[in-house]
Amino acid sequence: MPSKSQQTIVLARPNLLPKPVARAIEPPPRQFRGTTQDQRAFGFFCSVTAPILACHFDEDFWDYFLLQMSQAESAVWHSVLALGNLHEQGSLDDEDQRALQHRSGLNHYNKAIAHLTKSTDPESQSAEVVLVSCIVFVCVEIVLGNIKKAMSHLQAGMQIIRSSVTPGSLPNFYQSNGQLIKTNVVPIFEHFNGQSFIYGRSLMPAIEKFLNRADDVPTTFSNCREAVALHTSLLSTAQQFAVTTLNPPNPASDEYARLLNEKHNLQQNIRRWSSAAQTLIQNSQLTKDERGKILQIQGSHKMASIWAFNAINTDEMSFDALVHDFDAVIRQCRLNLNKCSKFVEEPEVSRSTKSLLRLQSISPLFVVATKCRNSTIRRQALTLLPRSPLNQGFWDSKKVVRVVERIIELEEQGLEDLRDPTGLLVPSECARIQAVSVNLEKTDDKIMTVVFERKLVVIEELWPRG
């Protein structure tokens, strides 16, 4: 008789059929060779990990497509088991079980990587499988606390998306709800990219558009998913454009004229999104949950306008003109977070909407706290930040709060008689922090290097990781 760990386990596996619109799939159980630990990891992933991730990124991807693909592709299967093991490890008290989960997780992680690298002909690999594996690898490294490796996986996936690689010929069900990469995968990479700017924002957007044309955003959206995906890409593009134009070329140069044209196109696309979103909200076919999603991302969409407006400006004082916009962002974020606190009393609000409200508040609050120098408004942002999720993707809210507190401290040392449009004292240009990042090359398990950049001075500080 085989040992308990080698017995054949009966496990309900997803049915490889197009996802029904009106009802959930009830897949028949199938058999596969595996261990009891594999069963535990897969069960934890399906019941805990996938629902959590579905709240923050793409429900169809985590609840449906990933689970289907894991049954057909060994690399994805082992990556799912790796993440399930390592995610559960953090919730266990028993040291022996924690060690077992850790070993099993790393074992499956290595197997997943081996399946992707064993091919002697990289061009024969499926782009879908590689990109989906990259997404799960990013999550695995974040769980392990290896942000540098997570960023490497993110960068590799972004490069594949930006390349002209033709998607592999996978079964048709991967495309049953549209093009998997364009509709489900790209928005997740863009979302990760948007979160990563606290580590330097060195990655270009996955899809390079919105800068060369003023009409890349359609006048109407066909559905909520399209609106959310375009918003995510717009915000990523606006952030990156603002960062890369911190030191613009000579105003008389052709390069400067090109940047001005790109800024105009970006602002036009942002306005087109706002107009199309308003039209979509009025669509009677939208569900209450979908309408809520569009309404709640308006706060972070305003940040795209702020980034675009400030692009190519040579000083931080240009943000002072946006004090009323920053105040509007704070009001929207507070509304989002207050709705989250009422979730228990409002069961009709779905889990995805609840988490979306919280997640869509993190990045705007960070930007308001660091770029709005009005002491009242930025401290409102600082007060709201701890109400955001503790750890979501690349975001660690404790770390973000520490960074914001330090920026405020550095900027408000020795305030001069400079005031914003509301009449409050604000820091001088030379005191303001232009950029802040965590230097991953100088960060280890115990110490992280936080870099604060002023116009003429760079300040490096060593902080404990805890």
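Residues numbered from 1 in each chain as written. Predicted model: local features only at pLDDT ≥ 70, side-chain atom pairs only at ≥ 80, totals over all residues. Heavy atoms only, no water.

Visitor: Quick question: what am I supposed to make of the sheet that holds strand β7 (residues 458-464) here?
Guide: Within a sheet, each strand pairs with its neighbour through backbone hydrogen bonds, oriented either parallel or antiparallel. The three strands are arranged β5-β6-β7 in an open sheet whose pairing can be described as antiparallel. The strands lining the two open edges of the sheet, one partner per strand, are β5 (435-439) and β7. The average angle at which neighbouring strand axes cross in this sheet is 25°, direction not considered. Across five bridges, β5 lies against strand β6 (residues 447-453) in antiparallel orientation. Residue serine 437 lies in a different strand from β6, and its bridge partner there is valine 451. (Pairing = 2+ DSSP bridges. Helix = DSSP H or I, 4+ residues; strand = E, 2+ residues; numbered from the N terminus. Axes fitted to C-alpha atoms, helices over the stretch in contact; angles between N-to-C directions.)

Visitor: Explanation requested: the packing of aromatic side chains in the structure shown.
Guide: How two aromatic rings sit relative to each other is given by the distance of their centres and the angle of their planes. Counted under the stated rule, the structure contains seven aromatic pairs. Centroid distance phenylalanine 42 to tryptophan 77: 5.2 Å. Interplanar angle 45°. Geometry classified as tilted. In this pair, phenylalanine 42 sits in helix α1 (residues 36-56) while tryptophan 77 sits in helix α3 (residues 74-89), placing the two residues 35 residues apart along the sequence. Arranged with centres 5.0 Å apart and planes meeting at 85°, the rings of phenylalanine 61 and tryptophan 62 form a pair that is edge-to-face. There is no split in this pair, since phenylalanine 61 and tryptophan 62 are both buried. The ring of phenylalanine 309 has lysine 263 lying over it, and the distance from NZ or CZ to the ring centre is 5.9 Å. (Phe/Tyr/Trp six-rings, centres within 6.5 Å; stacked < 30°, edge-to-face > 60°. Buried < 20%, exposed > 50% of the residue type's maximum accessible area, 1.4 Å probe, protein only. Lys NZ or Arg CZ within 6 Å of the ring centre and 35° of its normal.)

Visitor: Is there a simple way to think about the pairing of β6 in this case?
Guide: Residues in a regular strand project their side chains so that they alternate between the two faces of the sheet. The buried fraction of β6 amounts to five of the seven residues, a majority that puts the element mostly inside the structure. Pairing geometry for β6 and β7, over seven bridges, is antiparallel. When the sheet's bridge partners are listed, phenylalanine 452 is paired in β7 with isoleucine 459. If you look at the hairpin formed by β6 and β7, you'll find four residues sitting between the two strands.

Visitor: Would you explain the packing of helix α8 (residues 224-244) against helix α9 (residues 254-281) in this entry?
Guide: Relative placement of two packed helices is described by the angle separating their axes and the distance separating the axes. At a closest axis distance of 11 Å, the pairing of α8 and α9 adopts a crossing angle of 155°. Comparing the axis directions of α8 and α9 gives the class roughly antiparallel. The chirality of how α8 crosses α9 is left-handed. Contacts from Cys224, Ala227, Leu230, His231, Leu234, Thr237, Ala238 and Phe241 of α8 reach α9 at Leu259, Glu262, Lys263, Leu266, Asn269, Ile270, Trp273 and Leu280. Looking at side-chain class alone, the contact of α8 with α9 contains 11 nonpolar, three polar and two charged residues. (Parallel < 35°, antiparallel > 145°, perpendicular 65-115°, else oblique. Left-handed = near helix turned anticlockwise from the far one by under 90°. Contact = heavy atoms within 4.5 Å. Nonpolar A, V, L, I, M, F, W, Y, C, P; charged D, E, K, R; others polar.)

Visitor: Looking at this structure, how should I read the pattern of salt bridges?
Guide: A side chain of one charge can pair with a side chain of the opposite charge if their charged atoms are brought near each other. Enumeration over the complete set of coordinates arrives at 20 salt bridges. The closest approach of N and O atoms between glutamate 411 and arginine 373, which form a salt bridge, is 3.0 Å. Residue glutamate 411 is located in helix α15 (residues 397-411), and its partner arginine 373 is located in the loop between α13 (351-371) and α14 (375-384); the two are separated by 38 residues in the primary sequence. Neither glutamate 411 nor arginine 373 differs from the other in exposure class; each is buried. (Salt bridge = Lys/Arg side-chain N within 4 Å of Asp/Glu carboxyl O.)

Visitor: Honestly, the confidence of the model for the chain in this entry has me stumped. Any pointers?
Guide: Detail in the predicted coordinates should be disregarded across regions flagged by low pLDDT. Of the residues in the chain, 77% have a pLDDT of 70 or more, and the chain-wide mean is 78. A low-confidence stretch, residues 1-31 (pLDDT under 50), is modelled with 62 contacts involving residues beyond four sequence positions or located in other chains. Contacts from residues 342-359, a stretch scored under 50 in pLDDT, to residues over four places away or in other chains number 34 contacts. (pLDDT = per-residue confidence, 0-100.)

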